[in-house]
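# Geometric and topological summary
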Amino acid sequence: KALAKKVKEEVRAAAARMERRPGLAVILVGDDPASQVYADGKKRDCAQCGIYSEEYILPAETGQEELMLLIETLNGRSDIDGILIQLPLPAHLNERAVLSVVRPDKDVDCFHPFNVGELMIGEKGFYPCTPASVMRLLAEYGVELSGKSCVIVGRSNIVGKPLAMLMLRENATVTICHTRTRDLETECRRAEILVAAAGKAKMLDGRHVGQDAIVIDVGINVDENGKLCGDVDFPSIEPLASMATPVPGGVGAVTTAVLAKHLVLAGRRQRGN
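Quick summary incoming for the structure in this document.

Rules used in this analysis
Residues numbered from 1 in each chain as written. Predicted model: local features only at pLDDT ≥ 70, side-chain atom pairs only at ≥ 80, totals over all residues. Heavy atoms only, no water. Phe/Tyr/Trp six-rings, centres within 6.5 Å; stacked < 30°, edge-to-face > 60°. Lys NZ or Arg CZ within 6 Å of the ring centre and 35° of its normal. Helix = DSSP H or I, 4+ residues; strand = E, 2+ residues; numbered from the N terminus. Buried < 20%, exposed > 50% of the residue type's maximum accessible area, 1.4 Å probe, protein only. Polar contact = N/O pair within 3.5 Å; in protein donor to acceptor, adjacent residues only side chain to side chain.

## Examining the packing of aromatic side chains
- Within the structure shown, the criterion is met by zero aromatic pairs.
- Positioned over the ring face of Phe 126 is Arg 269, at 4.7 Å from the centre of the ring.

## Section: the environment of Asn 157
- Along the chain, Asn 157 falls in the loop between strand 4 (149-153) and helix 7 (160-169).
- Here Asn 157 falls in the exposed class, since its relative accessible area comes to 55%.
- As for Asn 157 and Ser 100, which are separated by 57 residues in sequence, their C-alpha atoms are 14 Å apart.
- A distance of 3.1 Å separates the side chain of Asn 157 from the side chain of Lys 161, its partner in a polar contact.

## Topic: unusual backbone geometry
- Going from Leu 87 to Pro 88, the amide bond is cis rather than trans, its omega being 5 degrees.
- One can find Pro 88 in the loop between strand 3 (82-85) and helix 4 (95-101).
- In this chain, Val 247 is followed by Pro 248 through a cis amide linkage whose omega measures 0 degrees.
- Looking at the element boundaries, Pro 248 is found in the loop between strand 10 (243-244) and helix 10 (251-270).
- A positive phi is found at Cys 110, a non-glycine position, where the angle reads about 55 degrees.
- For Cys 110, the position within the fold is in the loop between helix 4 and helix 5 (113-120).

Honestly, that's just the spatial picture; any functional story needs more than this.
And the structure:
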């Protein structure tokens, strides 16, 4: 939370110096509860940073053509500097086609294939907000990645894969685990830095964490009691980990602040400064 506050203060100061405040459009299709939590956080943080935002909550049955038409309209608006489509989309929508319609210079969460390619080859640009927030957290608390064994549980295009690319840039040795990993506990226990990004409530516990490991919980789920929780069973890993992020109040708090920072960058680029 302290880091999120720090980033938001940086963004608020930068936005105040701009002739026109940056604008964000968030598109949410359906009623996924975790997506709604993120969308609400983004609206709140944008408001705190002096960033204009609009939210489009569309029915789950929204068609491909209707959604793409909305994106094209937002592409053409000069008061909207960033467009964010909350994933996952309903199964009947072609996710790749939808993400490819967003203008790359308004793709503030690095979903467009062009921006993904830039990330892969090591170019500077927009980084996916959640992986970028993990990297900012590690840097803020002085965690050196070079030579470290980093294990990421989850291979999504949103977190697992791009985070692996960012960690490789810092010379970490990265292992990505997934549902076909044979001995998940052993793979996880040897990690000096363990990242949980599988999207399954409390799937990792004390059996998966080595002594003094750093645990980053990217998951955001709703448990059986209707409360937010991560992919990590926090009480069971707390005695083992040297550092760990909670849910809520951990990576998610920084992610929305990083998104606001990307909005300022997008606004500057589109205005040529």
